[in-house]
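Read off the chains here:
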Amino acid sequence: MIDAKILLPGMFLIALLGASPLRADPIDTTRHPQPDKIQTVHEAEHDVDQAWEVYHRAALGGTVASPALQADIEQHLHEARTLVTQAQEAAERGDERQVQSFVSQVKIHTTKAIEGSKEQKK
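Residues numbered from 1 in each chain as written. Predicted model: local features only at pLDDT ≥ 70, side-chain atom pairs only at ≥ 80, totals over all residues. Heavy atoms only, no water.

Peer 1: Sorry, what's going on with the overall build of the protein chain here?
Peer 2: Helix and strand counts for the protein chain come out as four helices and zero strands. From first element to last, N terminus to C terminus, the protein chain shows the α and β order α-α-α-α. The buried share of the protein chain, taken over its 122 residues, is 30%. Long-range pairs, those at least 24 residues apart, make up 69% of the contacts in the protein chain between residues at least 6 apart in sequence. As displayed, the protein chain has an accessible area near 8100 Å², and 58% of this comes from carbon and sulfur atoms. (Helix = DSSP H or I, 4+ residues; strand = E, 2+ residues; numbered from the N terminus. Buried < 20%, exposed > 50% of the residue type's maximum accessible area, 1.4 Å probe, protein only. Contact = heavy atoms within 4.5 Å. Areas by Shrake-Rupley, 256 points an atom, 1.4 Å probe, with all protein chains shown as cover.)

Peer 1: Explain helix H3 (residues 67–93) here, please?
Peer 2: Given 3.6 residues per turn, any residue in an α-helix points the same way as the ones three and four places further on. Between its first and last C-alpha atoms H3 spans 39 Å; for 27 residues at 1.5 Å apiece the expected length is 39 Å, and the two agree. Looking at H3, one finds that the buried residues are Leu69, Ile73, His76, Leu77, Ala80, Leu83, Val84, Ala87, Ala90 and Ala91. The first or second residue beyond H3 is glycine 94, which carries a positive phi of 85°. (Expected span 1.5 Å × (residues − 1).)

Peer 1: Help me understand the pattern of salt bridges, please; the structure alone is not making it clear to me.
Peer 2: Close approach of charged atoms allows side chains with opposite charge to pair. Within this structure, the stated rule accounts for two salt bridges. Notably, a salt bridge pairs lysine 107 with aspartate 47, separated by 3.1 Å at the nearest N-O pair. Of this pair, lysine 107 sits in helix H4 (residues 96–118) while aspartate 47 sits in helix H2 (residues 35–61); the two residues are 60 residues apart in sequence, bridging distant segments of the chain. The residue arginine 81 makes a salt bridge to aspartate 49 at a minimum N-O spacing of 3.4 Å. Of this pair, arginine 81 sits in helix H3 while aspartate 49 sits in helix H2; the two residues are 32 residues apart in sequence, bridging distant segments of the chain. By relative accessible area, arginine 81 is classed as partly exposed at 25%. On the basis of relative accessible area, aspartate 49 is assigned to the buried category, the value being 6%. (Salt bridge = Lys/Arg side-chain N within 4 Å of Asp/Glu carboxyl O.)

Purely geometric numbers; function is a separate question.
Written out as structure tokens, the structure reads:
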């Protein structure tokens, strides 16, 4: 059994960190050897941020249709974050084809997450 002295502060910390949105900061593409690829990835990061915001509003408002849908939305959002990281790595390598592939997959996951977040309880 976990001691209450550890459990409650731990739960508070998790709630605090889980509720803080991660945001894509502005970038300076002028010093990057391939600014168009970096800009494309940065826009995908903003798409993911927007999808997380829509999801958080729905979750906090209690309007997510079901726990199963909530888990599905979270899976899409986490997958989108992973794909953004992979797109960043591809951009650093100069692999435009992979950047476009990862970014298009990000768009699919963020679209599904936003649509799921807007689905109302019945």
